[in-house]
Protein chains: 2
Amino acid sequence: MDQRRTDTREQIQSVALELFAEKGYDRASLREIAERLHVTKAALYYHFRTKDDILASVIEDFLLQLDALVKWAHEQPSDVDVREEVLRRYSALLTGRTAQLARFMREGMAKIPELALGMKIRAHFAALIDVLAGPGEHTEDRLRAQVALAALQLATLSDPDLEPADDETDRRAAALRIATDLVQPSPPAP
Amino acid sequence: MDQRRTDTREQIQSVALELFAEKGYDRASLREIAERLHVTKAALYYHFRTKDDILASVIEDFLLQLDALVKWAHEQPSDVDVREEVLRRYSALLTGRTAQLARFMREGMAKIPELALGMKIRAHFAALIDVLAGPGEHTEDRLRAQVALAALQLATLSDPDLEPADDETDRRAAALRIATDLVQPSPPAP
DNA sequence: GTCTATAAGGTGATAGAC
DNA sequence: GTCTATCACCTTATAGAC
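Just so it is clear, the structure is predicted and the values come from calculations on it, not from any experiment. (Residues numbered from 1 in each chain as written. Chains lettered and ligands numbered in written order. Predicted model: local features only at pLDDT ≥ 70, side-chain atom pairs only at ≥ 80, totals over all residues. Heavy atoms only, no water.)

**Student:** So what's going on with the protein's contact with DNA strand C? Residues and values would help.
**Tutor:** Around DNA strand C there are 18 residues in total, and T40 and H47 of chain A together with R31, Y45 and K51 of chain B lie nearest to it. Taking all atoms of DNA strand C within 4 Å of the protein, the share assigned to sugar and phosphate is 58%. At 2.9 Å, a side-chain N or O of H47 of chain A approaches a phosphate oxygen of DNA strand C. Here a phosphate oxygen of DNA strand C and a side-chain polar atom of Y45 of chain B are 2.8 Å apart. Within the residue set of the surface near DNA strand C, elements represented by two or more residues are α3 (41-47) of chain A together with α2 (30-37) and α3 (41-47) of chain B. (Near = heavy atom within 4 Å. Polar contact = N/O pair within 3.5 Å; in protein donor to acceptor, adjacent residues only side chain to side chain. Helix = DSSP H or I, 4+ residues; strand = E, 2+ residues; numbered from the N terminus.)

**Student:** An account of the protein's contact with DNA strand D is needed here, citing residue identities and associated values.
**Tutor:** Taken together, 17 residues are adjacent to DNA strand D, and K41, Y45 and K51 of chain A together with T40 and H47 of chain B come closest. Near-protein atoms of DNA strand D (within 4 Å) split between backbone and bases, with sugar and phosphate holding 57%. One of the side-chain N or O atoms of Y45 of chain A is found 3.0 Å from a phosphate oxygen in DNA strand D. A distance of 2.9 Å is found between a phosphate oxygen of DNA strand D and a backbone nitrogen or oxygen belonging to T40 of chain B. Mapped onto the surface near DNA strand D, the elements with two or more residues apiece are α2 (30-37) and α3 of chain A together with α3 of chain B. No other element matches α3 of chain B, which puts 4 residues into the surface near DNA strand D. Tallied by class, the residues present in the surface near DNA strand D amount to 8 nonpolar, 6 polar and 3 charged. (Nonpolar A, V, L, I, M, F, W, Y, C, P; charged D, E, K, R; others polar.)

**Student:** I'd like a rundown of the packing of helix α4 (residues 51-75) of chain B against helix α7 (residues 116-133) of chain B, residues and numbers included.
**Tutor:** Helix packing geometry: the angle between the two helix axes and the distance between the axes. Residues and elements named next belong to chain B. Packing of α4 against α7 leaves a shortest axis separation of 10 Å and a crossing angle of 20°. The pairing of α4 with α7 is recorded here as roughly parallel in orientation. Remark: the crossing between α4 and α7 carries left-handed chirality. Taking contact as the criterion, the partners of L55, A56, I59, E60, F62, L63, L66, D67, L69, V70, A73 and H74 in α4 are, on α7, L117, K120, I121, H124, F125, A127, L128 and V131. Partitioned by chemical class, the residues of the contact of α4 with α7 number 15 nonpolar, 2 polar and 3 charged. (Axes fitted to C-alpha atoms, helices over the stretch in contact; angles between N-to-C directions. Parallel < 35°, antiparallel > 145°, perpendicular 65-115°, else oblique. Left-handed = near helix turned anticlockwise from the far one by under 90°. Contact = heavy atoms within 4.5 Å.)

**Student:** Could you give me a rundown of α7 of chain B, with the residues and numbers involved?
**Tutor:** Since there are 3.6 residues in each turn of an α-helix, residues three or four apart along the chain are aligned in direction. The end-to-end C-alpha distance of α7 of chain B is 26 Å, a good match for the 26 Å that 18 residues give at a rise of 1.5 Å each. If you check which residues of α7 of chain B are buried, you get L117, G118, I121, H124, F125, A126, L128, I129, V131, L132 and A133 of chain B. (Expected span 1.5 Å × (residues − 1). Buried < 20%, exposed > 50% of the residue type's maximum accessible area, 1.4 Å probe, protein only.)

**Student:** Just give me the short version of unusual backbone geometry, but keep the residues and values in it.
**Tutor:** All names here are of chain A. Residue H38 is not a glycine yet carries a positive backbone phi of 60°. Position of H38 among the secondary structure elements: in the loop between α2 and α3. For H38, a relative accessible area of 73% gives the class exposed.

Here it is as structure tokens:
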């Protein structure tokens, strides 16, 4: 079942993501992607219509996971415990393949507003921030939620000044603690 | 005194920075910079040897300000009050022209490690983080400091879901409160 | 599904006149 | 200091054979 003769399409996504994370979307060329796969550029065009499509396809996957998370949150009562669980799940999402994606996605978010993909990404994150910020339209609550997500994202980048041993697990756990603190209601219960 | 016939060089820096912030370094072409200034590409090359040089020149200015801030901090006793003041000063730095720079500088930080400029930027920020993290080599303290800086940076980007009225001042103030909380020693004094 | 070959256009950069 | 003209290169993307 689902036994295609090749898995080239997925390999392209994988290698492309790897390269996007390494040097950013613009600096990653189709030529280099093709070379790493030992195929030609033209072969890529059999699987994807454009370079943008490769990026989009891999981002869409992530947005689907985000969707599921937001949907789940909306089915729960809106309290702090749920928000903390949302952070835990989001942190778990930023792992392996997805970590590479998250690493340069903010680049895409910051990019030209008229870019359709950029708007889509922003919209999805806005939904997540709504959940984390809780009710009310307070500037600071929303910003705290944004910062909490940024903290989790920051953890995926390694700090060159630190032992590699600390990396990954420690950093990820620390980030989760920080993020959790950030979404506490204004006067935290003692 | 210092009355040059033209200020083209500074105008180039200004327009370039504007464009870098708009579309990122890679997507900003020399052609477009030249067009906005109503000069030709070749004219740019009279003032700067390369495109990288334009970016470097404008970043160096910022790094000098960072240096001064770190130097000042080192002359003070290493306590929480000083760290809070460092955050206030850093927040003030992220204003106007410099805000545009900060907006896409993380792009440069994330970029290829072998890039000389990227390493320089990272080194300067590492010094600032050392100050904010306080003594000791705890993963979480350093991460908190990183997140605090990220919070201030995030404030410079506008949240499309919010009234423009809230913008700027409110957001900046909220970010400073969040950042300040983040650099408090582990058990905050009551 | 993958190839060779090539189109079409933009890029950073240089030479040399004015 | 700024121009015109041009270079060499690399990019995404397409056409058509195998």
